[in-house]
Amino acid sequence: HYSGLEEAVYRNIQACKELAQTTRTAYGPNGMNKMVINHLEKLFVTNDAATILRELEVQHPAAKMLVMASHMQEQEVGDGTNFVLVFAGVLLELAEDLLRMGLSVSEASYIVIEGYEKACRKALEILPDLVCCSAKNLRDIEEVASLLHTSVMSKQYGNEHFLAKLIAQACVSILPDSGHFNVDNIRVCKIVGAGISASSVLHGMVFKKETEGDVTSVKDAKIAVYSCPFDSMITETKGTVLIKNAEELMNFSKGEENLMDLQVKAIADSGANVVVTGGKVADMALHYANKYNIMLVRLNSKWDLRRLCKTVGATALPRLTPPTLEEMGHCDSVYLSEVGDTQVVVFKHEKEDGAISTILIRGSTDNLMDDIERAVDDGVNTFKVLTRDKRLVPGGGATEIELAKQITSYGETCPGLDQYAIKKFAEAFEAIPRALAENSGVKANEVISKLYAVHQEGNKNVGFDIEAEAAALKDMLEAGVLDTYLGKSWGIKLATNAAVTVLRVDQIIMAKPAGGPKPPSGKKDWDEDQND
């Protein structure tokens, strides 16, 4: 029997273990998919931990700590969210064994926390020595594609070579000379139909829209962008016009037509041959746009309008005034195209140094394309991490086993009770190759004992071979299975912080309305006259 405080600690650990178990079976290329139905009854079929956690409504406060840690990993690195969850879950599971060893919970928690923090510092010290190679040239598409394989493979096993090449083309084409890469500059456009192999990269932007007028293609486009409707201006105040005969009526509408004609002619005379508007397009304005051979595109989203301005180098104008040369955007061609049975407007740059690239994803269902989009997202984030730090560590559980081996040796040199916690921290690293082996249908204990034996001989880069039938190992550097150094170090830091935070909690106090009698409601209508 535990006291109330001990019970709270064990309940917290239990909640976190259950959450980690949910995503553990989704770890690695052979991980199982989860079917998540969120509060809006939207269906997600994915093995991406970030998406699963975003759509699950986790209620337990301690489990929310792990969710927040994995969100931080998503924001900081963009990949490795599942690593954080699995690792933090196992740290807590092993901490529970230590807490049950007989010390009081507060004493044991302190020893475990102290040991975990020491071991985390040691792991981050060892990690730089495990770096097996670095990215040499981030402008070489072949090299970048080979570095993105691992992150894409965990979401789209089997299509990683094709998708990694697409992502590499898109990323390399917009990498600025300064090296500051912005993830938002890679857009994704999903169109149902064909198959994944029909996906492609376009330098520029693609919108699932049709053009408004008759002009559907313009070469050497000069683009005017308006954030207002493409319509005649409405007066600030209401005006009353008294019309006495038919002639005045004819002249009145003619005046409006002439005004619209002059406005559109002024835009055409400024050299603009494509107009993009953020509001509705009036019939009369459309007629004059066709008369002056201006292509009209309407974008409802202000974000799309901003991104387009960035792509073509235009300034969004708030009123229908003729644009100056500085305010006009430019791109090589704007045309209406049909992809499958979907009409799309393409703003295309011929040269490959544009500001934005679009990956056009094709697939048979929306769920499949959403999953490919998540794989693309991970690939693009991995590229961003490589622009910040080019170092890479071996994947496939090789880094984890090497860390486990070295931290166990470190634990044996530490006096005091926290050596038990340090050894448990080392044991927690085994969870990663164990999850890879279990999800591949191989005996995990056999894989881990083989890995330890090989690493004992000094082969730091050897990890688990998920493609073999049995418990086989291979050199991860030769196989090209590599993880980013930054992703690993942030993952270890955040998982340890989350586990330690949960262990520091011994009570959860919920703010609820206090009990007691309800206040009197009072008589209704007390202020009304009784005599009425």
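Residues numbered from 1 in each chain as written. Predicted model: local features only at pLDDT ≥ 70, side-chain atom pairs only at ≥ 80, totals over all residues. Heavy atoms only, no water.

Looking at an unreviewed UniProt entry, one finds the protein named T-complex protein 1 subunit theta and attributed to Anhinga rufa. Under the UniProt heading Subcellular location (unreviewed entry), the note attached to the protein is "Cytoplasm". (UniProt positions renumbered as here; feature names shortened; annotations may be inferred.)

(A) View of the sheet that holds strand β13 (residues 391–394). If you trace the 3 strands from one edge of the open sheet to the other, you get β3-β13-β16, paired in antiparallel fashion. Strand pairing shows two members of the sheet lacking a second neighbour, β3 (133–134) and β16 (482–484), which therefore form its edges. Pairing geometry for β13 and β16, over 3 bridges, is antiparallel. From the neighbouring strand, Pro 394 faces β16, where its bridge partner is Leu 482. The strands touched by helix α17 (residues 485–504) within the sheet are β13 and β16, with β16 carrying the most contacts at an inclination of about 65°. (Pairing = 2+ DSSP bridges. Helix = DSSP H or I, 4+ residues; strand = E, 2+ residues; numbered from the N terminus. Contact = heavy atoms within 4.5 Å. Axes fitted to C-alpha atoms, helices over the stretch in contact; angles between N-to-C directions.)

(B) Molecular detail of the pairing of strand β10 (residues 329–339). In the sheet, strand β6 (residues 217–226) pairs with β10 via 6 bridges, with the strands oriented antiparallel. Across the sheet, Lys 222 pairs through a bridge with His 330, a residue of β10. Here 7 bridges tie β10 to strand β11 (residues 342–348), and the two strands are oriented antiparallel to one another. Its bridge partner being in β11, Leu 336 is matched across the sheet by Val 345. Once β10 ends, the chain turns through 2 residues before running back antiparallel as β11, passing Gly 340 with a positive phi of about 65°.

(C) Summary view of the packing of aromatic side chains. The full count for this structure, using the stated rule, is 7 aromatic pairs. Ring geometry for Phe 87 and Phe 425: centres 5.5 Å apart, planes at 80°, overall edge-to-face. With a gap of 338 residues between them, Phe 87 in helix α4 (residues 81–99) and Phe 425 in helix α13 (residues 418–428) connect regions that are remote in the sequence. Among the residues examined, Phe 87 registers a relative accessible area of 0% and is labelled buried. Take Phe 425: its relative accessible area is 0%, and that puts it in the buried class. Pairing Phe 425 with Phe 429 gives two aromatic rings, centres 5.6 Å apart and planes at 80°, and the pair type is edge-to-face. Look at Phe 429 and you get buried, because its relative accessible area is 0%. Clustering of aromatic rings is evident, with ring pairs tying together Phe 83, Phe 87, Tyr 116, Phe 425 and Phe 429. (Phe/Tyr/Trp six-rings, centres within 6.5 Å; stacked < 30°, edge-to-face > 60°. Buried < 20%, exposed > 50% of the residue type's maximum accessible area, 1.4 Å probe, protein only.)

(D) View of the pairing of strand β7 (residues 274–277). Burial along β7 is two-sided: the face carrying Val 274 and Val 276 and the face carrying Val 275 and Thr 277 are both buried. By the bridge criterion, 4 bridges tie β6 to β7 in an arrangement that is parallel. From the neighbouring strand, Tyr 226 faces β7, where its bridge partner is Thr 277. Here β7 pairs with strand β8 (residues 295–298) via 4 bridges, running parallel. Bridging from a neighbouring strand, Val 275 pairs with Leu 296 of β8.

(E) Structural view of helix α12 (residues 398–413). When the terminal C-alpha atoms of α12 are compared, their 24 Å separation across 16 residues agrees well with the 22 Å that a helix rising 1.5 Å per residue should span. Taken as a whole, α12 has its buried residues at Ala 398, Thr 399, Glu 400, Ile 401, Glu 402, Leu 403, Ala 404, Lys 405, Ile 407 and Gly 411. (Expected span 1.5 Å × (residues − 1).)

(F) Region of the structure containing helix α8 (residues 246–269). With 24 residues, α8 extends 34 Å from end C-alpha to end C-alpha; this agrees with the ideal 34 Å at 1.5 Å per step. For α8, the complete set of buried residues consists of Met 260, Asp 261, Gln 263, Val 264 and Ile 267. Residues of α8 that are buried make contact with β6, β7 and α9 (283–291). Gly 271 sits one or two positions beyond α8 and adopts a positive phi of about 105°.

(G) Here's a closer look at the layout of surface pockets. Put simply, the largest pocket is a space of about 830 Å³. What lines the largest pocket is a set of 46 residues, and nearest its centre among them are Tyr 27, Thr 150, Ser 151, Ser 154 and Asp 483. Listing elements by their share of the lining of the largest pocket, those giving two or more residues are α4, α6 (141–153), α7 (160–174), α11 (366–388), α14 (431–439), α16 (476–479), β16 and α17. Sort the elements by how many residues they give to the lining of the largest pocket and α6 lands first, with 5 residues. Of the residues belonging to the lining of the largest pocket, the class tally is 18 nonpolar, 18 polar and 10 charged. Counting the residues that make up the lining of the largest pocket, at least three belong to each of domain 1 (4–133 + 393–504) and domain 2 (136–193 + 364–388). Together, 24 residues line the second largest pocket, and Ile 186, Arg 187, Val 188, Glu 373 and Asp 377 are the ones closest to its centre. (1 Å grid on protein atoms, 1.4 Å probe; cavity = no way out; pocket = protein on both sides within 12 Å on 5 of 7 lines; lining within 4 Å. Points joined across faces, edges and corners; volume = space filled by probe spheres on them. Nonpolar A, V, L, I, M, F, W, Y, C, P; charged D, E, K, R; others polar. Domains from an automatic or database assignment.)

(H) Representation of empty space enclosed by the protein in the model. Scanning all chains against the criterion turns up 2 cavities of 30 Å³ or more. If you trace the largest cavity, you find it lined by Lys 17, Ala 20, Gln 21, Arg 24, Val 86, Gly 89, Val 90 and Glu 93. Looking at the lining of the largest cavity, the elements with two or more residues in it are α1 (4–24) and α4. Here the residues of the lining of the largest cavity sort into 3 nonpolar, 2 polar and 3 charged. The space that makes up the second largest cavity amounts to roughly 30 Å³. Around the second largest cavity sit Leu 130, Pro 394, Ala 398, Thr 399, Glu 402, Lys 460 and Asn 461, which together line it. With 3 residues, α12 is the single largest residue contributor to the lining of the second largest cavity.

(I) Expanded view of the pattern of salt bridges. According to the stated counting rule, one finds 28 salt bridges in the structure shown. Measuring nitrogen to oxygen at the nearest pair gives 3.3 Å for the salt bridge that ties Arg 374 to Asp 371. Taken together, the residues span about one helical turn, with Arg 374 and Asp 371 both in helix α11 at a distance of 3 residues. Each of the two residues, Arg 374 as well as Asp 371, counts as buried. One salt-bridge network, held together by shared partners, links Asp 184, Arg 187, Asp 304 and Arg 307. (Salt bridge = Lys/Arg side-chain N within 4 Å of Asp/Glu carboxyl O.)

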